[in-house]
Every structure is written in C-alpha cells, then in structure tokens.
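# A look at the structure
As a plain string of letters, each chain reads:
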Amino acid sequence: MASDQYDVIIIGTGPAALGAAFHLTEQRPSLSILMIDKAPVCSGGLLNDCKQNYTFPIGFAEEYWTREEAERLLPLVEERLRPAIKEQKNLETYRRRAERVGAILYDVRQAHVGTDRSRLLIRRLMDELAGRGVRVMLECEVTGIREGDGGAEVTVGGTERLRAGTVIVAPGRRGFGFLQRIMEQLGIPYIDNIVDVGIRVETRLDNYPIVRDYYDPKFYFPERVRTFCTNSGHARVVLERYEDFSLVNGHALSEEKSGNDLVNFALLKTIGLKDPVRSGHQMALFLGRLAHEIGGGRPLMQRVGDFRMGRRSSAETFNDDLYSFRPTCPVTAGDLGLAVPAKIMRHIWAALKKLDTIVPGVLHPSTIMYYPEIKMYANKPTFIDPHFRVSPRLYMIGDGAGTSRGITGAWASGIRAAEGIVRAGGQG
Ligand SMILES: Cc1cc2nc3c(=O)[nH]c(=O)nc-3n(C[C@H](O)[C@H](O)[C@H](O)COP(=O)(O)OP(=O)(O)OC[C@H]3O[C@@H](n4cnc5c(N)ncnc54)[C@H](O)[C@@H]3O)c2cc1C
C-alpha cells in the first residue's frame, strides 16, 4: 500500500479518536491507520485535569445513548485508561440533603489524573498505538475532506493529499469551524440547538468540604442546571482563549502536589433553543463577545457578597485578608448581572442557593463567580446509523459532533464508530 493511502484516517488524537484507534487495532490489526492532529500533543481534557467519570449519564449526550449501550462500553474504556477509582464517603447524607431541595446527586465512579501527570498517560497511550502500527502525524492541520466512489481524500495543510477507505472526524469542541465547513461542503444535514452557559465558582476548600468525600460531585438542579468539572487540591481557574473572547475553565494538579486549599467548579445551565432561534453556537459567540466587551477584553469576576448586595465588585477587594483569598485567575472585577442573561442568572443563582443548603458555606461572601463559562457544541450532524456514520465513508464523533460531553463518553463514541467500521468489513 502506498504511504499516502490508508484504510482508516482519524482526524484528531483526543479521547474520541483514541477510542476508535484502540478498538480498530484490537479488532482488525491488519488495517493501516493514520491519526492526524494539528496540535503537538493530543489536547482537551486528557491533557488537563483528566477526571474520568465511569457512570452514565455523566459525559454522554443522552439523546444518542441508552444506559445499556454506555454501560456496555464503559468497561472497555476503563480497560485502556486504567483509572484509580476514588473512594467516596457520606454519599447518603449528601443525597438526602439534595433530595430535600429538589436536586439529585449522582453517585459516579470517578478517577482523577491531574494536569501534571496527564502527559504521562497520553505518552503511554500513544506508545501503545505506535506499537500496534498506527502512524501519527502531529502539528498537521486537516483542511479538507472529499468523498468519492473508491474512498475519501483528506487534505493536510492545504496541499498534501492522503487517501483512505474510511475517515473518522473527531476534532473536539474547538474544531467547530472545521466540522461546520466539512458538513457544508459535503452536504451533510445538521442541527444546532444546545448550548451550556454558566459560571465558574471558586472558593476556599473549607467552604465546600464535600470535595474531601467526593472529588467531583455531580448535582443536577431544576431548570437544567448542574455542577460540572470540580477541581480541588492544587486547583486553578484558567482561561480558554477563542478568536475574539476568552472563556473560563478549571483544572487541578495531581494529589502528589501540595494544595492551595481552593476549590473551583462550574455551574452550567443547558439551553435548548427553539424556533426561530436555532444556533446554540451563535448564541455562545454573542454571549462570549458581550462579556468580553463588558470586561474590557477579559472575563468577569464578582464576589458573592457584592452580588448579594446588587453592587459590582472592585479590584481592591480581591485580596487575601483574614476572611478572603486571592483569585487564581485575576480577570476584570465587575458585575455579572450586566453580562449574563437574566433568566440564566436567576436559574444559576437558585441552584447556588440550593447547593448552599446541601453544603453550607459555598455561598460565603468571599466566594468568587467567574463568567463566562460556556460549552459550545458544534452543529450536530444527522447520523445515518447508530455508529455515528454521516455518509458512506465518513464518521463524526466526540464532543465536536455532539456525541459526548467528557473524556469517557468521547472514548466510548470512538469505540461505537470503530464497531461500525469493523462490521462493515474494515473500510466503512
Ligand atoms: C481545560 C479543559 C479541561 C477539561 N477537563 C476535563 C476533565 O477533567 N474530564 C472530562 O471528562 N472532560 C474534561 N474536559 C472536556 C474533554 O476535554 C472533552 O470532553 C474531550 O476531550 C472530548 O474529546 P474529543 O476527542 O471529542 O475532542 P478533543 O479532546 O478536543 O480532541 C480533538 C483533537 O482534534 C484536533 N483537531 C481539531 N481540528 C483539527 C484539524 N482540522 N486537523 C487536525 N487536528 C484537529 C485537536 O487539536 C484535538 O487534539 C476538559 C476540557 C478542557 C478544555
């Protein structure tokens, strides 16, 4: 076989792509496989905090998954990632308290790697794939895909052309623009109606001690608000930069590192847009730019005490006096109320108040609320089979295509696509 011709080309090296590559090499070792990534190392959550959730529905897009299907694949994900599952304590107490305020606490099997150790995990996975004969091209951007009768053609860097029997596209959430272009060029129908909008909360560990019992507690509140991505130990809020604005996110180092006694987590509201507004992505861009404008080019932060009194926070109060702490991500002190749509803020605040009755202390006046934390999902392709196939030779998987919302779900969606390819005889 010529070196520019492969049975399967996988675009991306994130968890969705890895899930597909591992399954294909296990089931069909003779397939020639090429993975292409524009980054120097596979990115996203695997490279960051790398919390792994092994309980449905966490990390899965429920519209495409049944519990049964997720539970069939999660053990296969676990086999590859070899997580050290964390022990949880006092769950019944938290669960009862949540029930009393109309919230649900999910009991999730969880593991946490930490930003400092995640590179080692990635190295092990990539070495294993190299040992199975998978070729990897890093720092190479895929710029186009074409489909023909005999196969598909993938363009790299605008000029280099590679051919494949089947192409799996797994570009993650940030690959939105690329995915959109490909769907339009190839005439793949899509829908776009979901966006998660919310805040990141940062507080002292003593104000949110539940994390000593449960690393990333998953609370679901009314009005589609949920806690997401909790970090503690040595935890930091970070910026995620986009073209014309920044969003906030969070991560933590492994337990081997000494702590800073802070916790951060997101509180997100899922918004399902209805006719005539259909683009969740457009709404996310609009909200991101609005926050950028109001924050003078940066996200906003406000102390809970100021928010309660209806006044903006000022930079001098972000100190570490006796009752306070410094922000790990100093952005613009201001007023969230000017940037967050009222309905979203109302539902998030209601959820925070409930959380404060479950874990008293989280609404301490010094607690910081950062905005915007937004999870964008690309326009979702219309799948033509249960394996996330979108056309005869093309599969679209992972967070970008909306089949997952986390590392384990993304990996599982890769396995599902690989199963489709295996069933079709190896080349889609
Ligand atoms: C800071 C941060 C922390 C997170 N922490 C967690 C966590 O702790 N736990 C959790 O479950 N989830 C976490 N997530 C979410 C998690 O990263 C995603 O759910 C998961 O990585 C999705 O996997 P994916 O394979 O779909 O996409 P990604 O992991 O995003 O991988 C997509 C890959 O495709 C590449 N790519 C994109 N476009 C192209 C192109 N045109 N050509 C070539 N390559 C391309 C990208 O460079 C990237 O490496 C976090 C996300 C972020 C940003």
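Criteria and thresholds
- Residues numbered from 1 in each chain as written.
- Predicted model: local features only at pLDDT ≥ 70, side-chain atom pairs only at ≥ 80, totals over all residues.
- Helix = DSSP H or I, 4+ residues; strand = E, 2+ residues; numbered from the N terminus.
- Rg over C-alpha atoms; globule rule 2.2 N^0.38 Å.
- Buried ≥ 20, exposed ≤ 12 C-beta atoms within 10 Å, placed from the backbone.
- Pairing = 2+ DSSP bridges.
- Core = buried A, V, L, I, M, F, W, Y, C linked by C-beta atoms within 7 Å.
- Contact = placed C-beta atoms within 7 Å.
- Axes fitted to C-alpha atoms, helices over the stretch in contact; angles between N-to-C directions.
- Parallel < 35°, antiparallel > 145°, perpendicular 65-115°, else oblique.
- Nonpolar A, V, L, I, M, F, W, Y, C, P; charged D, E, K, R; others polar.
- Domains from an automatic or database assignment.
- Left-handed = near helix turned anticlockwise from the far one by under 90°.
- Expected span 1.5 Å × (residues − 1).

On a plain count of helices and strands, the protein chain comes out with 10 helices and 22 strands. Against the 2.2 N^0.38 benchmark of 22 Å for 428 residues, the protein chain shows a C-alpha radius of gyration of 22 Å, consistent with a compact globule. Taken along its principal axes, the extent of the C-alpha atoms in the protein chain is 70 × 45 × 35 Å.

On to the pairing of strand 15 (residues 246-252). Most of strand 15 is tucked away: seven of the seven residues are buried. Here strand 14 (residues 235-241) runs beside strand 15; their pairing, made up of seven bridges, is antiparallel. From the neighbouring strand, Val238 faces strand 15, where its bridge partner is Asn249. Here strand 14 folds back onto strand 15, and the loop between the two strands holds four residues.

Counting residues in each nonpolar core, the largest one holds 128 residues, and the members touching the most others are Ile9, Ile10, Ala20, Ala21 and Ile168. Sequence-distant contacts of Ala20, defined by excluding residues within four places in its chain, comprise Ile10, Ile168, Ile397, Gly414, Ile415, Ala417 and Ala418.

Take the pairing of strand 13 (residues 225-231) next. Burial analysis of strand 13 places seven of its seven residues in the buried class, the great majority of the element. Summarising the sheet, strand 12 (residues 218-221) and strand 13 pair through two bridges and their orientation is antiparallel. Residue pairing for strand 13: Phe221 is matched across the bridge by Val225. Two successive antiparallel strands, strand 12 and strand 13, enclose a turn made up of three residues, where Glu223 displays a positive phi of approximately 60°. The sheet contact formed by strand 13 and strand 16 (residues 262-272) spans five bridges and is antiparallel. Directly across from Arg226, in strand 16, lies its bridge partner Leu268.

To continue, consider the packing of helix 2 (residues 67-81) against helix 10 (residues 407-423). Contact geometry of helix 2 with helix 10 gives a least axis separation of 9 Å together with a crossing angle of 100°. Relative to helix 10, the element helix 2 lies roughly perpendicular. Contact residues: helix 2 offers Ala70, Leu73, Leu74, Leu76 and Val77, while helix 10 offers Thr408, Trp411, Ala412, Ile415 and Arg416. Residues belonging to the contact of helix 2 with helix 10 are distributed by class as follows: eight nonpolar, one polar and one charged.

Attention shifts here to the domain arrangement of the protein chain. Domain boundaries assigned for the protein chain yield domain 1 (5-87 + 111-191 + 379-423) and domain 2 (194-376). Distance between the C-alpha centres of domain 1 and domain 2: 29 Å. Residues of the side of domain 1 that touches domain 2, tallied by class, amount to three nonpolar, five polar and six charged.

Our next topic: the packing of helix 1 (residues 15-27) against helix 10. Remark: helix 1 packs on helix 10, axes separated minimally by 6 Å, with the N-to-C direction vectors making an angle of 40°. The orientation of helix 1 relative to helix 10 falls into the category oblique. Handedness of the crossing formed by helix 1 with helix 10: right-handed. Of the residues in helix 10, those in contact with Pro15, Ala16, Ala17, Leu18, Gly19, Ala20, His23, Leu24 and Gln27 of helix 1 are Ile407, Ala410, Trp411, Ala412, Ser413, Gly414, Ile415, Ala417, Ala418, Glu419, Ile421 and Val422. Here the contact of helix 1 with helix 10 is composed, by residue class, of 15 nonpolar, five polar and one charged.

Let's shift gears to helix 1. The terminal C-alpha atoms of helix 1, which comprises 13 residues, lie 18 Å apart, in line with the 18 Å expected from a rise of 1.5 Å per residue. Counting buried residues along helix 1, 11 of its 13 residues qualify, which places the element largely inside the surrounding structure. Buried residues of helix 1: Pro15, Ala16, Ala17, Leu18, Gly19, Ala20, Ala21, Phe22, His23, Leu24 and Thr25, and no others.

Right, let's talk about the environment of Gly425 for a bit. The residue Gly425 is located in the segment after helix 10 in this model. Distance in space between the C-alpha atoms of Gly425 and Gln185 is 27 Å, their sequence separation being 240 residues.

Locating Gln282 in the fold gives a position in helix 6 (residues 280-294). In this structure the C-alpha to C-alpha distance between Gln282 and Val195, which are 87 residues apart in sequence, comes to 9.5 Å.

Our next topic: unusual backbone geometry. A cis geometry characterises the amide bond from Phe56 onward to Pro57, with omega recorded as 5°. Counting through the fold element by element, Pro57 comes out in the loop between strand 3 (51-53) and helix 2. Residues other than glycine seldom take positive phi values, yet Cys50 does so here, at roughly 55°. If you check the backbone angles, Glu139 has positive phi at about 55° while not being a glycine.

As a further point, take helix 6. A rise of 1.5 Å per residue sets the reference length of helix 6, with its 15 residues, at 21 Å; its end C-alpha atoms lie 21 Å apart and thus fit the reference within 8%. By the burial criterion, the buried members of helix 6 are Gly280, His281, Met283, Ala284, Leu287, Gly288, Ala291 and His292. Where helix 6 is buried, its residues meet helix 5 (176-186), strand 11 (194-204), strand 15, strand 16, strand 17 (300-303) and strand 19 (368-376). After helix 6 finishes, the residue Gly296 shows a positive phi value of roughly 60°.

Strand order in the open sheet formed by eight strands is 4-12-13-16-11-19-17-18, and the pairing between neighbours is mixed. Whereas interior strands pair on both sides, the edge strands pair on one side only; in this sheet they are strand 4 (104-106) and strand 18 (332-333). Together, strand 11, strand 12, strand 13 and strand 16 form the strand contacts of helix 8 (residues 342-358), whose direction differs from that of strand 16 by roughly 135°.

Our focus in this paragraph is the environment of Met309. If you trace the backbone, Met309 turns up in the loop between helix 7 (304-308) and strand 18. In this structure Met309 comes out as exposed when scored by C-beta crowding, with 9 C-beta atoms within 10 Å. As for Met309 and Asp107, which are separated by 202 residues in sequence, their C-alpha atoms are 35 Å apart.

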